[in-house]
Amino acid sequence: MAQSCVQEITEKPENIAIISAAIALGNSLDLRVIAEGVETNKQLKLLENLDCREAQGYLLSQPLNYQEATRFLEVYQHQKVSC
């Protein structure tokens, strides 16, 4: 899911239908749907309610180099983020 769509999800509610359809289509095809650019708890909660199971963005972590990302994944790979 494109960062621009995610960032506008709370400012432009009409985009919720498009985002919801994209998530539903991806899930029905058994694809990993990853929301990019999640920066607020409100965005994360809305995406979670739309059944988006994965997200990335500054809310969850700043950009990491490969060593930092590896360490991050080792520590947090089995934890679920709550809104």
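Overview of the structure. (Residues numbered from 1 in each chain as written. Predicted model: local features only at pLDDT ≥ 70, side-chain atom pairs only at ≥ 80, totals over all residues. Heavy atoms only, no water.)

1. Focus on the nonpolar core
Our working definition: Here, nonpolar core refers to any group of buried Ala, Val, Leu, Ile, Met, Phe, Trp, Tyr and Cys residues whose side-chain atoms link them within 4.5 Å. Under the scheme applied here, a residue whose accessible area is under 20% of the maximum for its type counts as buried, over 50% as exposed, and between as partly exposed, the area being computed with a 1.4 Å probe on protein chains only. Secondary structure follows DSSP: runs of H or I at least 4 residues long count as helices, runs of E at least 2 residues long count as strands, and numbering of each begins at the N terminus.
Membership of the largest hydrophobic core is limited to 11 residues, which are Val6, Ile9, Ile19, Ile23, Val33, Ala35, Val38, Leu44, Leu47, Leu50 and Cys52. If you list the elements that add at least two residues to this core, you get helix H2 (15–28) and helix H3 (41–49).

2. Some details on unusual backbone geometry
Despite not being glycine, aspartate 30 shows a phi value in the positive range, around 60°. Residue position: aspartate 30 is located in the loop between H2 and strand E1 (34–35). Of note in the backbone geometry, aspartate 51 takes a positive phi value of approximately 75° without being a glycine. Along the chain, the position of aspartate 51 falls in the loop between H3 and strand E2 (54–55). You can call aspartate 51 partly exposed: its relative accessible area is 38%.

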